[in-house]
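Fold and geometry: a report
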Amino acid sequence: MKKNNDENTNILSIKNDVLQAIHGANSASELNKIYNAYLGKNGVLRNLLRSIGDIPAEKRPGYAKEIHNVIAAIENSLRDKEGVFLENNIQTTDKGLDITMPGIKIKNGHLHPLTLIERRIEHIFSSLGFGVVEGPEVEDEWHNFDALNIPKNHPARDMWDTFWLRSKQKISNSKKQIPSPRLLLRTHTSPVQIRYMEMHEPPFRIIVPGKVYRFEATDASHELQFNQVEGLMVGKDISVANFKYIIGVFFERFFGTKINVRLRASYFPFTEPSFEVDINCLFCSGKGCSTCGHSGWLEMGGAGMVHSEVFNAVKYDLKLVQGFAFGFGLERFAMMKYRIPDIRLFNSGDIRLSQQF
Ligand code: DAH
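Here we summarise the structure given alongside this text. Source: prediction; values computed, not measured.

Let's talk about empty space enclosed by the protein
Within the structure shown, the criterion is met by one cavity of 30 Å³ or more. Its volume calculated, the largest cavity comes out at about 40 Å³. Lining the largest cavity are Leu114, Glu223, Gln225, Phe226, Asn227, Glu331, Ile343, Phe346 and Asn347. In the lining of the largest cavity, the residues fall into four nonpolar, three polar and two charged.

Description of the nonpolar core
In terms of nonpolar packing, the biggest core is built from 44 residues, with Ile121, Phe125, Phe251 and Phe333 touching the most fellow members. Within the residue set of this core, elements represented by two or more residues are α5 (113-127), β6 (225-235), α9 (240-255), β8 (271-280), β9 (297-306), β10 (322-329) and α11 (330-338). With eight residues, the single largest contributor to this core is α9. Once you skip the residues sitting within four places of it in the chain, Phe333 turns out to touch Ile117, Ile121, Phe250, Phe251, Phe254, Phe255, Met300 and Phe328.

Quick word on the sheet that holds β10
Sheet architecture is open: seven strands sit in the order β1-β5-β6-β10-β9-β8-β7, paired in mixed fashion. Across the chains shown, the open sheet's two edge strands, defined by having one partner strand only, are β1 (131-132) and β7 (261-268). Sheet topology places β6 next to β10; eight bridges connect them, and they run antiparallel. Directly across from Gly235, in β10, lies its bridge partner Gln322. Of the strands in this sheet, β1, β5 (204-213), β6 and β10 are in contact with α5, which crosses β5 at around 165°.

Looking at the environment of Asp98
Here Asp98 is to be found in the loop between α4 (60-92) and α5. With 11 residues separating them along the chain, Asp98 and Glu87 place their C-alpha atoms 9.7 Å apart.

Some points on the site of the ligand
Looking at the ligand, there are 16 residues lining it, with His188, Ser190, Arg214, Gln228 and Glu230 nearest. Between a nitrogen atom of the ligand and a side-chain N or O atom of His188, the distance comes to 2.9 Å. Ser190 places a side-chain nitrogen or oxygen 2.9 Å from a nitrogen atom of the ligand. Using a 2 Å cut-off from the grid points, one finds that the ligand occupies the largest pocket. Counting residues per element, the ones that place at least two in the shell around the ligand are β6, β9 and β10.

Thoughts on the sheet that holds strand β2 (residues 138-140)
As summarised here, the arrangement of the three strands in space is β2-β4-β3, forming an open sheet in which the pairing is antiparallel. In this open sheet, the two edge strands, each paired with only one partner strand, are β2 and β3 (164-165). Alignment of β2 against strand β4 (residues 183-185), held across three bridges, turns out to be antiparallel. Pairing of Glu139 across the sheet is with Leu184, part of β4.

Comments concerning the packing of α5 against α11
The relative placement of two packed helices comes down to the angle between their axes together with the axis-to-axis distance. Relative to each other, α5 and α11 sit at 105°, their axes nearing to 9 Å. Considering their axes alone, α5 and α11 lie roughly perpendicular with respect to each other. For the pair α5 and α11, contact is made by Pro113, Leu114, Leu116, Ile117, Glu118 and Ile121 and by Leu330, Glu331, Phe333, Ala334, Lys337 and Tyr338, respectively. Its residues placed into classes, the contact of α5 with α11 shows nine nonpolar, no polar and three charged.

Looking at the pairing of β8
Regular strands have side chains that alternate between both faces of the sheet. Counting buried residues in β8 gives eight out of 10 residues, a clear majority hidden from the surface. For β7 and β8, the ladder comprises seven bridges, and the chain directions are antiparallel. Bridging across to β8, Val261 finds its partner in Ile279. Counting the residues in the hairpin turn of β7 and β8 gives two residues. Bridge analysis of β8 against β9 gives eight bridges, and the strand direction is antiparallel. Counted as the bridge partner of Thr271 is Val306 from β9.

Notes on the packing of α5 against α9
The contact between α5 and α9 brings their axes to 10 Å, and the two run at 135°. If you check the angle between α5 and α9, you find them oblique. At the point where α5 passes α9, the crossing takes the right-handed sense. For the pair α5 and α9, the contacting residues are Ile117, Arg120, Ile121, Ile124, Phe125 and Ser127 in the first and Ile246, Ile247, Phe250, Arg253 and Phe254 in the second. Here the contact of α5 with α9 is built from residues that sort into eight nonpolar, one polar and two charged.

Focus: the state of the cysteines
All told, the structure shown has zero disulfides when counted by the stated rule. Free of any disulfide, Cys289 has its nearest cysteine sulfur in Cys284, 3.7 Å distant. With no disulfide of its own, Cys292 has Cys289 as its nearest cysteine by sulfur position, at a separation of 3.7 Å.

The rules behind these values
Residues numbered from 1 in each chain as written. Predicted model: local features only at pLDDT ≥ 70, side-chain atom pairs only at ≥ 80, totals over all residues. Heavy atoms only, no water. 1 Å grid on protein atoms, 1.4 Å probe; cavity = no way out; pocket = protein on both sides within 12 Å on 5 of 7 lines; lining within 4 Å. Points joined across faces, edges and corners; volume = space filled by probe spheres on them. Nonpolar A, V, L, I, M, F, W, Y, C, P; charged D, E, K, R; others polar. Core = buried A, V, L, I, M, F, W, Y, C linked by side-chain atoms within 4.5 Å. Buried < 20%, exposed > 50% of the residue type's maximum accessible area, 1.4 Å probe, protein only. Helix = DSSP H or I, 4+ residues; strand = E, 2+ residues; numbered from the N terminus. Contact = heavy atoms within 4.5 Å. Pairing = 2+ DSSP bridges. Axes fitted to C-alpha atoms, helices over the stretch in contact; angles between N-to-C directions. Near = heavy atom within 4 Å. Polar contact = N/O pair within 3.5 Å; in protein donor to acceptor, adjacent residues only side chain to side chain. Sits in = over half its atoms within 2 Å of the grid points. Parallel < 35°, antiparallel > 145°, perpendicular 65-115°, else oblique. Left-handed = near helix turned anticlockwise from the far one by under 90°. Disulfide = S-S within 2.5 Å.

None of the figures reported here should be taken as evidence of function without further support.
Below you can see the structure in the form of structure tokens.
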């Protein structure tokens, strides 16, 4: 009994010593030392626990419990005192953590100007009832040329010189037996007209945004890879008047100002009649400036009524359908809207470009 009392007194005096030491500690490192001396691997209380076998068996449980209580009391006290140091640190040093300061703002990325333009165009045309459709960038010769009324050796093929691929593989997803398996990087989004009409019956209206490729020398206004948006609306009595109205609404919404549209006679193998689509120059309001070559007009793209040979290629009945198609360059829209002077900036990878939008 006496021995037991001695042991308990011993533990209690250890507890008092430690709590006092914690109370008097002036720094976190002092607390650390106290922890190691009493609760560390060879600390006083750990050794007491290890020596528990030296006392009579019946007393062991009570004694062990006592030691564990003391350990818990010391741990609590250490934690409280650490909290005090942390709080003082926050309040008294400017290098410390001030949880009331606003957080560091994480920089958001920027959408590329072409992505912004594409989304804007899609949004406007969607609101006019157009579906947004995509097609493959690796295209076969038939869809890119022949079906669009550009047969082999036709001089118009020079305008759409491209990168030919060696692969003999045919592109799937076409219900047609493709006569020519030669593959290329598509030179325009127009082949998606064919792909869509092969799979759908009129009436419909779609736009087709996407990358296109040309084999040509680059300069401030030419790139070998750029983006187009194609449009196609086919039905029983779709006319040039419908085109002129829709494209006028589109331009006004896109540029946010009143726009005059002019259709100029032109030539494309896949449309008849064909037009160049001009809008009044936004930089000089049509008065004439260096951007519009002092004509007052800016050329935006090509358009026309879908050629009968194109409808023949997809086996539409010419007596039942007619429609318009158009094709615009996305870079041109972006360059005009954001006044970007060189087309090569778009693919330069220089984030100073996208950070501005
Ligand atoms: N595909 C033509 C080009 O890349 C652009 C174009 C012109 C598309 C007239 C059309 C169109 O749909 O009707 O130059």
